[in-house]
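One-letter residues, chain by chain:
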Amino acid sequence: MRNSLKFLALTLVSIGLVFGGSGLAEAKKKKKKIPKKPSYVGAVKCNGSCHDPYYQAWVNSPHGKTFDLLKPGERAEAKKRVKLDPDKDYTTTPLCLRCHTTGYKQRGGFKPAGSKSKKGKDTSTPIDPEEPNKEQVGCEMCHSVAGGAQFRIVMKNTKGDFKKAETEKYGQRWDYSNVCTRCHTHKRTPFQPDVHDKYKFNFEERKKKVHQIDKYWNEDNEDQKLEKIKDRKKEEAQSEKTPLIIEDFIVKKGKLRFNKKKMPYNAKDKSFRYKK
Ligand code: HEC
Ligand code: HEC
Ligand code: HEC
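All of these numbers come straight from a predicted model, not from anything done at the bench.

Q: Can you lay out the coordination of the iron atom of ligand 1 for me, pointing to particular residues and giving the numbers?
A: In an ideal tetrahedron of four donors about a metal, each angle is 109.5 degrees. In an ideal octahedron of six donors, the angles are 90 or 180 degrees. Just one protein atom donates to the iron atom of ligand 1; it is His100 (NE2), sitting 2.2 Å from the metal. Among the secondary structure elements, His100 is positioned in helix α4 (residues 94–100).

What follows is the structure in structure tokens.
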């Protein structure tokens, strides 16, 4: 009797060891590797287990619908006012795509209809009207320097318990007021503040409208609330002290071209360019 009890206990212990051990191995495997190169991944990647309320609020906000403004017939009055043709389809016009989509002309970024590889294969970004993604002004246009592929993995590994500097190292930016001018009041936007009062840009006022997440919290996504968000507000990141430069671009022969030396991320030596 005593022997069989001993045997049972031993078996239980070894089962525990085997399973516990393999559980640890599992966890180690799950720790995602940081990709070598930054690239745009799209807003949909942020939804589904990490930032669902942010995604849902974004879908229903103006930034989640910016691509649609490029379609014929949309906002005809506003277009006429700035001498744009209200009946024209601007959904493949490089200048417009720079500010109305995510990562256009950058690694992993949006590719409009008609895009082809050298071999003639269709490489255009698929668009699902039910699930807005790279075709709109997505998360990465405000949160990242060269696409969120890298810092997404930092977030996944740390589950929100990170310091600003950690994510900055991988391309996250915290110079939000600076980043808005990538588009708003930028010298290339047709919708300048002197055209209409509504194009004037007050960061503090507008910021309040960007993430109207309050009504999207529920039992299923409660666990996604960021615990360290208040602590992070007290930190001052490098990009807040010295904002990143805003990339410079021109449209040449109908193509959008970035000035490589004036990109906030220097892909060659993997460094960031801050304003002096
Ligand atoms: C430099 C960035 C930039 C470029 C380039 C740009 N836009 Fe925009 N666009 C914006 C911003 C920012 C707004 C929002 C302005 C606001 O509400 O203050 C906007 C707003 C709009 C609106 C809505 C205006 C309204 O009052 O309802 C339309 C339509 C539009 N853009 C179409 C276009 C088209 C077509 C092109 C290309 C010819 C284009 N945009 C190029 C940044 C840009
Ligand atoms: C138009 C710019 C813009 C877009 C697009 C945007 N955000 Fe933000 N986001 C901001 C700003 C600005 C803040 C800071 C808000 C504040 O401090 O009140 C912020 C804050 C956040 C925070 C809190 C970060 C922290 O720890 O302090 C999260 C999480 C977030 N955004 C997720 C997202 C996700 C997910 C998307 C896409 C679905 C997205 N954002 C799209 C501008 C943007
Ligand atoms: C990549 C370009 C881009 C960037 C970066 C950007 N926006 Fe916008 N934003 C737009 C476009 C385009 C619209 C026009 C949407 C429309 O008229 O429906 C817009 C519209 C808005 C609106 C809605 C208009 C309103 O006032 O109700 C707010 C608010 C706004 N932006 C705030 C911000 C803030 C704050 C930032 C920086 C944290 C920012 N945006 C960064 C392109 C951009």
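Don't stop here, the text continues.
Q: Run through the site of ligand 1, naming residues and quoting values.
A: Lining the immediate environment of ligand 1, one finds 21 residues, of which Cys96, Cys99, His100, Lys198 and Tyr199 sit closest. Within the side chain of Arg75, a nitrogen or oxygen atom sits 2.7 Å from an oxygen atom of ligand 1. At 2.7 Å from an oxygen atom of ligand 1 is found a side-chain nitrogen or oxygen belonging to Lys198. For the shell around ligand 1, the secondary-structure elements that each account for two or more residues are α3 (76–81) and α4. With four residues, α4 is the single largest residue contributor to the shell around ligand 1. Of the residues that constitute the shell around ligand 1, the class distribution is twelve nonpolar, four polar and five charged.

Q: Pulling in residues and values, what's your account of the pairing of strand β1 (residues 249–252)?
A: For β1 and strand β2 (residues 255–258), the ladder comprises four bridges, and the chain directions are antiparallel. When the bridges of β2 are listed, Val251 appears paired with Leu256. Hairpin connection, β1 to β2: the antiparallel pair is bridged by two residues, and Lys253 has positive phi, about 45 degrees.

Q: Which residues make up the coordination of the iron atom of ligand 3, and what values do they have?
A: The iron atom of ligand 3 binds to the protein through His63 (NE2) and His184 (NE2), with metal-donor distances spanning 2.0 to 2.1 Å. Classification of the site at the iron atom of ligand 3 rests on its six donor atoms, whose angles at the metal span 85 to 179 degrees, yielding the label octahedral. Taken together, the residues span a long stretch of sequence, with His63 in the loop between α2 (52–59) and α3 and His184 in the loop between α8 (176–180) and α9 (203–210) at a distance of 121 residues.

Q: Talk me through the layout of surface pockets; I want residue IDs and the actual numbers.
A: Of the pockets and cavities examined, the second largest pocket occupies roughly 860 Å³. As for the second largest pocket, its lining consists of 32 residues, of which Lys105, Gln106, Arg107, Lys260 and Met263 are closest to the centre. Residue assignment for the lining of the second largest pocket shows that the elements contributing at least two residues are β2 and β3 (265–266). Broken down by element, the residue count for the lining of the second largest pocket peaks at three residues, all from β2.

Q: Outline the side chain of Asn266, supporting the account with residue identities and numerical values.
A: Among the structural elements, Asn266 can be located in strand β3. Of note is the side chain of Asn266, whose polar atom sits 3.1 Å from the backbone nitrogen of Lys268. When neighbours within four sequence positions are excluded, Asn266 is seen to be in contact with Ser271 and Arg273.

Q: I'd like to hear about the site of ligand 2, residue by residue, with values.
A: Taken together, the neighbourhood of ligand 2 is formed by 20 residues, with Cys139, Cys142, His143, His211 and Arg232 sitting nearest. Between a nitrogen atom of ligand 2 and a side-chain N or O atom of His211, the distance comes to 2.8 Å. One nitrogen or oxygen atom from the side chain of Arg232 is found 2.8 Å from an oxygen atom belonging to ligand 2. A breakdown of the residues in the shell around ligand 2 according to their chemical character gives twelve nonpolar, five polar and three charged.

Criteria and thresholds
Residues numbered from 1 in each chain as written. Chains lettered and ligands numbered in written order. Predicted model: local features only at pLDDT ≥ 70, side-chain atom pairs only at ≥ 80, totals over all residues. Heavy atoms only, no water. Donors = N, O, S within 2.8 Å, 3.2 Å for Na, K, Ca; no water. Helix = DSSP H or I, 4+ residues; strand = E, 2+ residues; numbered from the N terminus. Near = heavy atom within 4 Å. Polar contact = N/O pair within 3.5 Å; in protein donor to acceptor, adjacent residues only side chain to side chain. Nonpolar A, V, L, I, M, F, W, Y, C, P; charged D, E, K, R; others polar. Pairing = 2+ DSSP bridges. Tetrahedral: all angles 85-135°; square planar, octahedral: opposite > 155°, others 65-115°. 1 Å grid on protein atoms, 1.4 Å probe; cavity = no way out; pocket = protein on both sides within 12 Å on 5 of 7 lines; lining within 4 Å. Points joined across faces, edges and corners; volume = space filled by probe spheres on them. Contact = heavy atoms within 4.5 Å.

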